[in-house]
Amino acid sequence: MFAVNGSTFLNNSLSGVPRVFPRSTQRVAAPSVVVAAVSSNGRPGDRNVSVLMENTSKEVVESATSSSSPSVIDKDAKSTVGGGVQDVYGEDSATEDMHITPWTVTVASGYQLLRDPHYNKGLAFTEKERDAHFLRGLLPPGIVSQEIQVKKMMHNMRQYQVPLQRYMAMMDLQERNERLFYKLLIENVEELLPVVYTPTVGEACQKYGSIFRQPQGLFISLKEKGRILEVLKNWPEKKIQVIVVTDGERILGLGDLGCQGMGIPVGKLSLYSALGGIRPSACLPVTIDVGTNNETLLEDEFYIGLRRRRATGQEYSELLHEFMSAVKQNYGEKVLIQFEDFANHNAFDLLAKYGTSHLVFNDDIEGTASVVLAGLIAALKLVGGTLAEHRFLFLGAGEAGTGIAELIALEISKQTGAPLEETRKKIWLVDSKGLIVSSRMESLQHFKRPWAHEHEPINNLADSVKSIKPTVLIGSSGAGRTFTKEIVESMSSFNEKPIILALSNPTSQSECTAEEAYKWSEVYFCQWEPIYPD
């Protein structure tokens, strides 16, 4: 209970949405309101600043009631605005160099409630809720259930012919009515998953600067170095359980998209909520902006990130270390940090560096591998044999390729009891320079070296297939149309039922289509997504 202008109000709630006063009432400074509304550095809950503002408010009230002091309202005489609206707060007489801190409260009702995506239900508010939350007149009189709203939204969604338009419509819905967004996604996941994530999210990231409307996560750049903990506290939700973070250097199969990679953490966490049941308020998308080496973006007038070349070495490491430390300090050591779409040279290092001190996970290395291994085990029911009886050849030796290969080797070792070094010899990788063999050891990146086996050098995939004669061919290169007719026919010539996994993403970068594989092999084929380039 608190008072404003001599009136007493109750801070009661219905369905978890407290009542609040109109903005004009909030801005007439009363001590009890200011304590609830004003905060340090624009954040609610700072005791010292609240007291300071309370004292200031008292002075304003006393000044306004004193005959010897001019009233706050007296500023209206100097207003240059005509009409009946009074300049109570001196905004019209303010200069550009004066800082104006917006006052707000942490509850929502009335018009503000309809602008709060966490609680807004649109026309689904009942008669009782409309009375309790001051919504009368702010909505049409009809009550439309969420079921009908879902039906209407799907009808509207299907009118769009361009996938990016559907993506933008879904993001707009998420920003104004979160409940409806997730209901729509959960009930139509097969149709909408390719819209909110791959492949459409790839195009959205490429054009993110042009379609950007509302921030949906935290942007932490080199400008915030030394202040990252403060930046994390700017996020309104305090009980974060999952963070998906990217530096945008290797977005899907599209390369360096810099700050515009934010679409990936946002889309990934939307699926975690819709399909995994994690509360949206417990999820935090983060983009670490250290610049970009994409010249097209640097010259794009609509680009929203830092216009500089990527930071590397110590400058990069220090920023990431500050971020990791600040996350642990602010949210505790149980928060899950998922590294997403980092370039190879950083992805493996970050996972190794923070694997023992933080709860970390790399989807490209570990998540993709678990899904592919599950698929291979399922495929064995059709093709027969055990994992140890198969030979594997990968096109692509990046995070995804080496991550999948390592998990397959670990599973074979577990099943057979053979040393890991021996089980790795059943797995061969081809990168941009050809088959990875021991004679290339000195020039290989550290994560490729375990896969350098004794063999004569081969510089292309087609000859590698003919020489290795794999039973399983896996594409994780991000290079489209690389599983040619010749390669698929070769696989079919020495395998009754070859397993071909064309995994690269987005769809335009897939090694082959399902139709091509069926046509060329006339045998068993699997196609899953997503995988990214090496």
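Only a predicted model underlies this, so the values are computations on that prediction, with no experimental measurement involved.

1. Considering the overall build of the protein
Looking only at helices and strands, one finds 22 helices and 14 strands in the protein. Buried residues in the protein amount to 48% of all 534 residues. Sequence-distant contacts in the protein: of pairs separated by 6 or more residues, those separated by 24 or more amount to 67%.

2. Section: the UniProt feature "binding site: a divalent metal cation" (unreviewed entry) in the protein
Those places that UniProt annotates as "binding site: a divalent metal cation" (unreviewed entry) correspond, in this numbering, to E340, D341 and D364. These annotated residues cover 25 residues of sequence, and their C-alpha atoms lie no more than 7.0 Å from one another, placing them together at a single site. For D341, the location among the structural elements is in the loop between β8 (336-339) and α16 (344-354). Note on D341: relative accessible area 0%, which makes it buried. Reaching out from D341, the side chain makes a polar contact with the side chain of R250 at a distance of 3.0 Å. Considering the arrangement of structural elements, one finds D364 in helix α17 (residues 363-383). In terms of polar contacts, D364 uses its side chain to reach the side chain of R250, at 3.5 Å.

3. Some points on the nonpolar core
L232, I243, V245, V286, I288, F323 and Y331 are the most contacted members of the largest nonpolar core, which totals 36 residues. At the level of elements, β5 (218-221), α12 (228-234), β6 (242-246), β7 (283-289), α15 (313-331), β8 and α16 are the ones that each hand at least two residues to this core. For this core, the element with the most residues is α15, which contributes eight residues. With residues near it in sequence (within four places) discarded, Y331 still touches L232, W235, E237, K238, I240, I243 and L284.

4. Brief notes about the sheet that holds strand β13 (residues 472-475)
The sheet built from five strands is open, its strands ordered β12-β11-β10-β13-β14 with mixed pairing. Of all the strands in the sheet, just β12 (434-435) and β14 (499-502) have a single pairing partner and so form its edges. Against the sheet, α17 engages β10 (392-395), β13 and β14, with an angle of about 150 degrees to β14.

5. Things to note about the packing of aromatic side chains
By the definition in use, this model includes five aromatic pairs. An angle of 80 degrees between the planes, with centres 6.4 Å apart, marks the rings of F212 and F219 as edge-to-face. What makes F212 partly exposed here is its relative accessible area of 31%. By relative accessible area, F219 is classed as partly exposed at 25%. Here the aromatic cluster, defined as three or more aromatic residues joined through ring pairs, consists of Y208, F212 and F219. A cation over a ring is seen here: K469 above F494, with NZ or CZ 5.8 Å from the ring centre.

6. Concerning the side chain of K121
Note on placement: K121 falls in the loop between α4 (110-114) and α5 (127-132). Among the residues examined, K121 registers a relative accessible area of 15% and is labelled buried. Setting aside anything within four residues of it in sequence, one finds K121 in contact with E129, Q149, N177 and R179.

7. Describing the sheet that holds β8
Adjacent strands of a sheet form backbone hydrogen bonds with each other and so pair up, either parallel or antiparallel. Spatially, five strands are ordered β5-β7-β6-β8-β9 in an open sheet, and the strand pairing comes out parallel. Edge positions in the sheet fall to β5 and β9 (359-362), since each of these pairs with one other strand and no more. Going across the sheet, the axis of each strand differs from the next one's by a mean of 25 degrees, ignoring polarity. Examined bridge by bridge, β6 and β8 share four bridges and lie parallel to one another. Residue pairing across strands places I243 opposite I337, the latter belonging to β8. Lying on the sheet, α15 is in contact with β5, β6, β7, β8 and β9; it crosses β7 at an angle near 160 degrees.

8. Section: the pairing of β7
Taking burial as the measure, the seven residues of β7 include seven buried ones, the bulk of the element. Because side chains alternate across β7, one face comprises the buried residues C283, P285, T287 and D289, and the other comprises L284, V286 and I288, equally buried. Two elements, β5 and β7, share four bridges in a ladder whose sense is parallel. Within β7, the residue paired with F219 across the bridge is T287. Summarising the sheet, β6 and β7 pair through five bridges and their orientation is parallel. Within β7, the residue paired with I243 across the bridge is L284. Assessed by its sense of winding, the connection that carries the chain from β6 through helix α13 (residues 263-276) to β7 is right-handed.

9. Some remarks on the pattern of salt bridges
All told, the structure shown has 26 salt bridges when counted by the stated rule. As a salt-bridge pair, K207 and E203 come within 2.9 Å of each other at their nearest N and O atoms. Judged by its relative accessible area of 25%, E203 is partly exposed. Here D431 ties to K448 by a salt bridge, and the two come within 3.1 Å at their closest N and O atoms. Note that D431 is positioned in strand β11 (residues 427-431) and K448 in the loop between β12 and α20 (461-468), a separation of 17 residues in sequence. The same class applies to D431 as to K448, namely buried. Taken together, the shared-partner salt bridges connect R250, D341, D364 and E399 into one network.

10. Observations concerning the packing of helix α21 (residues 485-493) against helix α22 (residues 514-521)
Think of two packed helices as two axes; the pair is described by the angle between the axes and how far apart they sit. The contact between α21 and α22 brings their axes to 9 Å, and the two run at 50 degrees. Taken together, the axes of α21 and α22 are oblique relative to one another. Of the two possible hands of crossing, α21 and α22 adopt the one that is right-handed. Each of K485, V488, E489 and S492 in α21 lies in contact with α22, whose residues at this interface are A517, W520 and S521. Tallied by class, residues from the contact of α21 with α22 come to three nonpolar, two polar and two charged.

The rules behind the values
- Residues numbered from 1 in each chain as written.
- Predicted model: local features only at pLDDT ≥ 70, side-chain atom pairs only at ≥ 80, totals over all residues.
- Heavy atoms only, no water.
- Helix = DSSP H or I, 4+ residues; strand = E, 2+ residues; numbered from the N terminus.
- Buried < 20%, exposed > 50% of the residue type's maximum accessible area, 1.4 Å probe, protein only.
- Contact = heavy atoms within 4.5 Å.
- UniProt positions renumbered as here; feature names shortened; annotations may be inferred.
- Polar contact = N/O pair within 3.5 Å; in protein donor to acceptor, adjacent residues only side chain to side chain.
- Core = buried A, V, L, I, M, F, W, Y, C linked by side-chain atoms within 4.5 Å.
- Pairing = 2+ DSSP bridges.
- Axes fitted to C-alpha atoms, helices over the stretch in contact; angles between N-to-C directions.
- Phe/Tyr/Trp six-rings, centres within 6.5 Å; stacked < 30°, edge-to-face > 60°.
- Lys NZ or Arg CZ within 6 Å of the ring centre and 35° of its normal.
- Right-handed = clockwise from strand over helix to strand, strands pointing away.
- Salt bridge = Lys/Arg side-chain N within 4 Å of Asp/Glu carboxyl O.
- Parallel < 35°, antiparallel > 145°, perpendicular 65-115°, else oblique.
- Left-handed = near helix turned anticlockwise from the far one by under 90°.
- Nonpolar A, V, L, I, M, F, W, Y, C, P; charged D, E, K, R; others polar.

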